[in-house]
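# Architecture at a glance
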Number of protein chains: 2
Amino acid sequence: MPLVDLIVTDATVLTHTTPADAGYPDDGGAARATAIFLRHHDIGIADGVIAWVRPTGTTPQAEREGAEVIDGRGRLAMPGLINCHTHSAMTMFRGSAEDVPVESWFNDHIWPMEVNLTPRDVALGARLAIAEMLLAGVTTFADHYFSMDEIAREVTASGARAVLASTYFSSEGPAGLDRSAAFAAGWQGAAGGRVTTMLGPHATYTVDDADLQRTARTASQLGIRTHIHAAEGMFQTESSLAARRVTPMQVLHDTGVLESGVIIAHGAGITPDDVRWLAPVADRIGVAACDKVYLKHAQQSTTPVRLLHDAGVPVGIGTDGPASGNTLSVLESMRMLALVEKQKTADATWLTSAHALDLATRQSALTVGLADSIGALLPGRRADVVLVALDRPHLQPLHDIAAGLVLSVQESDVRTVLVDGRVVVDEGRLTTIDVQEAIDGLTVRIPQLRDRSHGRRIQDYAP
Amino acid sequence: MPLVDLIVTDATVLTHTTPADAGYPDDGGAARATAIFLRHHDIGIADGVIAWVRPTGTTPQAEREGAEVIDGRGRLAMPGLINCHTHSAMTMFRGSAEDVPVESWFNDHIWPMEVNLTPRDVALGARLAIAEMLLAGVTTFADHYFSMDEIAREVTASGARAVLASTYFSSEGPAGLDRSAAFAAGWQGAAGGRVTTMLGPHATYTVDDADLQRTARTASQLGIRTHIHAAEGMFQTESSLAARRVTPMQVLHDTGVLESGVIIAHGAGITPDDVRWLAPVADRIGVAACDKVYLKHAQQSTTPVRLLHDAGVPVGIGTDGPASGNTLSVLESMRMLALVEKQKTADATWLTSAHALDLATRQSALTVGLADSIGALLPGRRADVVLVALDRPHLQPLHDIAAGLVLSVQESDVRTVLVDGRVVVDEGRLTTIDVQEAIDGLTVRIPQLRDRSHGRRIQDYAP
């Protein structure tokens, strides 16, 4: 047994989200759920890795000697949350394109404004985003944007974990994929393993089949996956069928992108027939659901969670960029998904809170390709741990911890956050990020960022 | 000009939500919205009433002499939020009936558990609820429950404002309405005017027409309104039409309840034809929309905000009880409504953030019958003021204050709360409520509260 350097003591520990995973018996507190909460347990951490999870008081003094202690009393310890799809730096545009249809959002607002970006804007936007995410218990995010070197440097400095993909369009010619591949090769495993990489073709409607084929081959050569927008809504699937007689999922299949592993951003236009392409590669793909954004953009279709669940395809929780979703909170996105799913399926018994927690932890880790290292508080996993205060008035009395975490919790209930066993949020305070510098730096840039007088845009939206 | 005893200095002040109300010009910061934010303004308060709202630095020293000062720098000052429909004491059942259809929620869970209630449970549940609401900027709530004297005492002690209705069913015989009327008459105007009252018939399917007629007459005699569940979903309207050939709205019309003024809880089953009954009495009615609960209960119909808007009928924001909605946050309920409305109408330009703020303030004040005294930061209104921190990472950079308040804000951004000019939340700390006593008192009661072995329920749900 390794000696540990950090122990979280006497917390309520969410260890497993499906009984099949569990070595522990159900403690009775969550009898009707598949989430298991171990009361009065300690988490031992050695060199950034979870060494053990044990009942409080059962670890010999010799094994505790010299370890730092974090008092977990009254706290819920859960795996660090995972944001499976975002454009973190777009904090800079939060609230800048409100109450407009999605076509206008792209063509009249965001893509013209993105002409104005500097690498420093991206760096500051990402820093602000990481601050927001860590404070809300999000320890890992899958990012898709430009100037990705800047973002990787911010991840490195902040202590967060990220899965980074450098965005490209076929309109850039071969340079786009080359840049994305160079980024992926150069940063894979950086920051002590906290940075992993994927390729970042923008979408099935902005990257052509030849480039997608090249993407799949490159991904396989590099041993990494791809992160792409596909079937963002049923309207895109219909458009693809009308133009090409294939769905976006078949495009991903036919080009080899599915086979090499992929985060499918949104997938709200996935059809029952598409399961034929997805099910065989369920071990290397995941769909990132971002329900708040669907509602905000007045989109009728949402990620078909039940269909994917029945097909064994992981569904992760994403926020999308804060210019569309306005926050980077996985807790909020998880809550929204649970509520939307109940209404959409007309089944109040569907998408229980325990299920929602499974999506936000285990299935999100599968979605971003890190199921072996994060997503559960199990020995051998990286010590990405979130401590949530359970004693707040809005959570009490605590009949059901899972329901509290999904339907009542507030982001500010996240008190302490560890990534690789390092404290990055200490009782609600960031320990690694100068967020005021990012806020001040972006605030003075607002007039320039919003300038659309140049009449250009980085791309046309016509899916 | 009266001398003031309290001044909030140098805040950004949300003064008006429709330009027609505004004596101030739009400052340019909210040009495309109807919400108007006055930067660098002071709010002078005298004897619990707003005396003036003025640009910072324009009030002569003689008029400031001796006044207490609250520093509003970096803060948004907005009217205290109004929860137009709740059952506050049901905090005691928060999380106790999850993931079940609405029929089961009533008949198998809540109504059997409510057999176990003691007046002390209700008092502690209400105290906990008031704590949660004040911390989230909710200064007024319209409550509908049992043991209402207990709740009125908690309101009195807490410093909150409430519009209280004692619930009754026709199954109780005449005693129910008599009790509700006695409560209403006895408590009207209590706590220095912070308590106002309504009659509380439970619903159009649990109170018969004769009792509703008697309710309307009693309400008119007492000079008060009624608060009732009606057309909670389209299924109830269809059921009423099938059984009686009239919609719930026509029942309220025919029995005189509409004419005497009413909060219609939910109204998700209001039909376009019902406008004929509602529009003529739009000056004395309002519909409380609780969208989170509709989704959670997998209900397809939601409060028809656009229909009511076009008919000139006020729509207020409600949370419903925390046993169904899991929180008492008007901020959350407002956000949910804005998002649901966009999707439901397939119109991303509908239900702007400024509109959502109008619902949560001005229209909610109309809904609860207090439009002359709360719902706006205007001279002569009661000084119910919420100060929101705008400098948090998740709100920055601040392109659009209204969008920030509706789509990004967290409840913990509420820092200071005044009711009648009294500080009830000071930098996130409750000043009037011993919330731990309520939490502890309810926690030990959980086993007894959940006991359903008696096989009884307070009522049958068969709308």
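Residues numbered from 1 in each chain as written. Chains lettered and ligands numbered in written order. Predicted model: local features only at pLDDT ≥ 70, side-chain atom pairs only at ≥ 80, totals over all residues.

## Focus: the domain arrangement of chain A
Residues and elements named next belong to chain A. Structurally, chain A comprises domain 1 (6-79 + 376-430) and domain 2 (81-367). Centre-to-centre separation of domain 1 and domain 2, based on C-alpha positions: 28 Å. Among the elements of the structure, helix 16 (401-408), strand 15 (414-419) and strand 16 (422-426) are those that each provide at least two residues to the side of domain 1 that touches domain 2. With five residues, the single largest contributor to the side of domain 1 that touches domain 2 is helix 16. Residues of the side of domain 1 that touches domain 2, tallied by class, amount to 18 nonpolar, three polar and four charged. (Domains from an automatic or database assignment. Helix = DSSP H or I, 4+ residues; strand = E, 2+ residues; numbered from the N terminus. Nonpolar A, V, L, I, M, F, W, Y, C, P; charged D, E, K, R; others polar.)

## Let's talk about the interface of chain A and chain B
Interface extent is often summarised as the accessible area lost during association of the parts. Tallying the contact residues gives 50 residues for chain A and 50 residues for chain B. Looking at the side of chain A that touches chain B, the elements with two or more residues in it are helix 3 (119-135), helix 11 (291-296), helix 14 (330-345), helix 16 and helix 17 (435-443) of chain A. Residue composition of the side of chain A that touches chain B, grouped by class: 21 nonpolar, 19 polar and 10 charged. (Contact = placed C-beta atoms within 7 Å.)

## Some thoughts on the confidence of the model for chain A
All names here are of chain A. Per-residue confidence for chain A gives a mean pLDDT of 94, with 96% of residues at or over 70. Within the model, the stretch residues 21-33 combines pLDDT values under 50 with 25 contacts to residues more than four positions away or in other chains. Both scores are given for the predicted complex: the pTM is 0.96, the ipTM 0.96. (pLDDT = per-residue confidence, 0-100.)

## A short note on helix 16 (residues 435-443) of chain B
Residue and element names in this part refer to chain B. When we look at burial in helix 16, the residues that qualify are Val 435, Ala 438, Ile 439 and Leu 442. The buried residues of helix 16 occupy an angular sector of 100° when the element is viewed end-on, so they sit on one face. Summarising the contacts, the buried residues of helix 16 are in contact with helix 3 (119-135) and strand 17 (429-430). (Buried ≥ 20, exposed ≤ 12 C-beta atoms within 10 Å, placed from the backbone. Arc of directions from axis to C-beta.)

## Digging into the packing of helix 13 (residues 330-345) of chain B against helix 14 (residues 353-367) of chain B
Residue and element names in this part refer to chain B. Their axes nearest at 10 Å, the elements helix 13 and helix 14 cross at an angle of 135°. Considering their axes alone, helix 13 and helix 14 lie oblique with respect to each other. The chirality of how helix 13 crosses helix 14 is right-handed. Contact with helix 13, carried on its side by Val 330, Met 334, Leu 337 and Ala 338, involves Ser 353, Ala 356, Leu 359 and Ala 360 of helix 14 and no other residues of that element. (Axes fitted to C-alpha atoms, helices over the stretch in contact; angles between N-to-C directions. Parallel < 35°, antiparallel > 145°, perpendicular 65-115°, else oblique. Left-handed = near helix turned anticlockwise from the far one by under 90°.)

## Considerations on the packing of helix 5 (residues 174-187) of chain B against helix 6 (residues 209-222) of chain B
Residue and element names in this part refer to chain B. Between helix 5 and helix 6, whose axes approach to 11 Å, the crossing angle comes to 15°. By the angle between their directions, the pair helix 5 and helix 6 is classed as roughly parallel. Helix-helix and strand crossings are classified by hand; for helix 5 and helix 6 the assignment is right-handed. Of helix 6, the residues touching helix 5 (which contributes Leu 177, Ala 181, Ala 184 and Ala 185) are Asp 211, Arg 214, Thr 215, Thr 218 and Leu 222.

## Focus on the environment of Gln 448 of chain B
Along the chain, Gln 448 of chain B falls in helix 17 (residues 446-450). Spatially, the C-alpha atom of Gln 448 of chain B lies 8.8 Å from that of Met 113 of chain B, the residues being 335 residues apart in sequence.

## As for the relation of the copies chain A and chain B
To go from the first copy of the chain to the second, apply a rotation about an axis and then a shift along the same axis. Once turned by 180° and shifted 0.0 Å along the axis, chain A lies on chain B with an RMSD of 0.0 Å. The relationship between the two copies is best expressed as a two-fold rotation axis. Closest approach to the rotation axis among the C-alpha atoms of chain A is made by Ser 412 of chain A, whose C-alpha sits 3.3 Å away. A shared binding surface is used by both copies, with 100% of the interface residues of chain A retained as interface residues in chain B. (Least-squares fit on C-alpha atoms with pLDDT ≥ 70 in both.)

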